[in-house]
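# Structure assessment
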Amino acid sequence: MTAWLWIGGWGFSKEEIQNLVNEQVPGVQHFVICPGPEWLDELHRVVATQPIRRLLGYSLGSFLILRDLEKLPDIPTVLFSPIVSFKAEENLGGRFDGRRLKVLVRWLQRDPRAALSDFRKQVGIPPMDSDMELPCSVEQLVWGIKQLDDEPVEVPAETADISMIIGEQDAVTDARFIENQWAKTKVVTGVGHDLRDLVKEVACVAV
């Protein structure tokens, strides 16, 4: 069976991504890594033991892939809701006020569930169920925000085997900016940042 490896988004549990992609893309064996300090080591462990044919990243996962592209195996890649820069003031497609990232870190340390719920609401992702556990540790959530508060990443060379899929109404990244920067971009009309609305488009990209 064909195997795909996913690097998930911030604030999503491994199980949440796993259930979504299993439902939306059946007939493929999906492996999911949550973004955290050990994500790159975990990726290499999976690639070394599984016949991975496609690498996929969502939101923060896409940012990490672009940042560390030279450290990754040469596998066809699809990025959903790609992030080049998270912060609006950098004028690289990001829509988030960078000053709020430090506020978000403090909020996570004080009340992680409220902080996470507010963030999901802002970017147009369905809220967590009331009985849902945090997707990962507070330390891992804070780590993710600090990555987004770091330097922007570069758009890869045109020869890279990478396709990008982004919602026209994405609240995190300006879809038209990405489209203008990367020819192999599919902008999906009428949807935003929610992976549920984007993953079905994976069959349309040329990888």
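Here, the structure is the one placed above.
Rules and cut-offs
- Residues numbered from 1 in each chain as written.
- Predicted model: local features only at pLDDT ≥ 70, side-chain atom pairs only at ≥ 80, totals over all residues.
- Heavy atoms only, no water.
- Pairing = 2+ DSSP bridges.
- Helix = DSSP H or I, 4+ residues; strand = E, 2+ residues; numbered from the N terminus.
- Right-handed = clockwise from strand over helix to strand, strands pointing away.
- Phe/Tyr/Trp six-rings, centres within 6.5 Å; stacked < 30°, edge-to-face > 60°.
- Buried < 20%, exposed > 50% of the residue type's maximum accessible area, 1.4 Å probe, protein only.
- Contact = heavy atoms within 4.5 Å.
- Axes fitted to C-alpha atoms, helices over the stretch in contact; angles between N-to-C directions.
- Parallel < 35°, antiparallel > 145°, perpendicular 65-115°, else oblique.
- Left-handed = near helix turned anticlockwise from the far one by under 90°.
- Nonpolar A, V, L, I, M, F, W, Y, C, P; charged D, E, K, R; others polar.
- Salt bridge = Lys/Arg side-chain N within 4 Å of Asp/Glu carboxyl O.

### Here's the deal with the pairing of strand β6 (residues 185–188)
With 4 bridges connecting them, strand β5 (residues 162–167) and β6 associate as parallel partners. From the neighbouring strand, glycine 167 faces β6, where its bridge partner is valine 188. Taken together, β5, helix α7 (residues 175–181) and β6 constitute a β-α-β crossover, and its handedness is right-handed.

### Here's the deal with the packing of aromatic side chains
As enumerated under the stated definition, the model contains 6 aromatic pairs in all. Here the aromatic rings of tryptophan 6 and phenylalanine 80 are separated by 5.6 Å at their centres, their planes lie at 15°, and the arrangement is stacked. Pair noted here: tryptophan 6 is in strand β1 (residues 3–7) and phenylalanine 80 is in strand β4 (residues 77–80), with a separation of 74 residues, a long-range link. Summarising the burial analysis for this pair, tryptophan 6 and phenylalanine 80 share the class buried. Pairing tryptophan 10 with phenylalanine 119 gives two aromatic rings, centres 4.9 Å apart and planes at 75°, and the pair type is edge-to-face. With a gap of 109 residues between them, tryptophan 10 in the loop between β1 and α1 (14–24) and phenylalanine 119 in helix α5 (residues 112–123) connect regions that are remote in the sequence. Its relative accessible area of 7% is what places tryptophan 10 among the buried residues. Since its relative accessible area comes to 8%, phenylalanine 119 is described here as buried.

### Quick look at helix α6 (residues 138–148)
Within the sequence span of α6, burial applies to Leu141, Val142, Trp143, Gly144, Ile145, Gln147 and Leu148. Turning to α6, the residues buried within the fold contact α2 (39–49), α3 (60–67) and α4 (99–110).

### Side note on the packing of α3 against α6
Two numbers describe how α3 lies on α6: the axes approach to 11 Å, and their chain directions differ by 55°. Classified by the angle their axes make, α3 and α6 are oblique. α6 is crossed by α3, and the crossing has left-handed handedness. The segment α3 lies against α6, with Leu60, Phe63, Leu64 and Arg67 engaging Trp143, Gly144, Gln147 and Leu148. Taken together, the residues that form the contact of α3 with α6 break down as 5 nonpolar, 2 polar and 1 charged.

### What about the pairing of β4?
Residue alternation in β4 divides its side chains into two sets, Thr77 and Leu79 and Val78 and Phe80, and both sets are buried. Inspection of the sheet shows strand β3 (residues 52–58) paired to β4 by 4 bridges, in the parallel sense. Its bridge partner being in β4, glycine 57 is matched across the sheet by leucine 79. By the bridge criterion, 4 bridges tie β4 to β5 in an arrangement that is parallel. Among the inter-strand pairings, threonine 77 is bridged to a residue of β5, identified as isoleucine 162.

### Some words on the pattern of salt bridges
Tallied over the full model, the rule gives 13 salt bridges. Lysine 71 is the partner of aspartate 68 in a salt bridge, and the nearest nitrogen-oxygen pair spans 3.9 Å. Given a relative accessible area of 9%, aspartate 68 falls into the buried group. A salt bridge links lysine 102 to aspartate 149, with the nearest nitrogen and oxygen atoms 3.2 Å apart. Of this pair, lysine 102 sits in helix α4 while aspartate 149 sits in the loop between α6 and β5, placing them 47 residues apart in sequence. Ionic contacts of the salt-bridge type, sharing partners, join the residues Glu16, Arg120, Asp194 and Arg196 into one network.

### Regarding the sheet that holds β5
Paired through their backbone hydrogen bonds, the strands of a sheet run either parallel or antiparallel. What the 6 strands build is an open sheet, ordered β2-β1-β3-β4-β5-β6; its pairing is parallel. At either end of the open sheet lies a strand with only one pairing partner, and these are β2 (29–33) and β6. Here the strands of the sheet are splayed against their neighbours by 20° on average, with no regard to which way each runs. Taken strand by strand, α1 contacts β1, β2 and β3, and its axis lies near 155° from that of β2.

Just distances and angles here, no functional claims.
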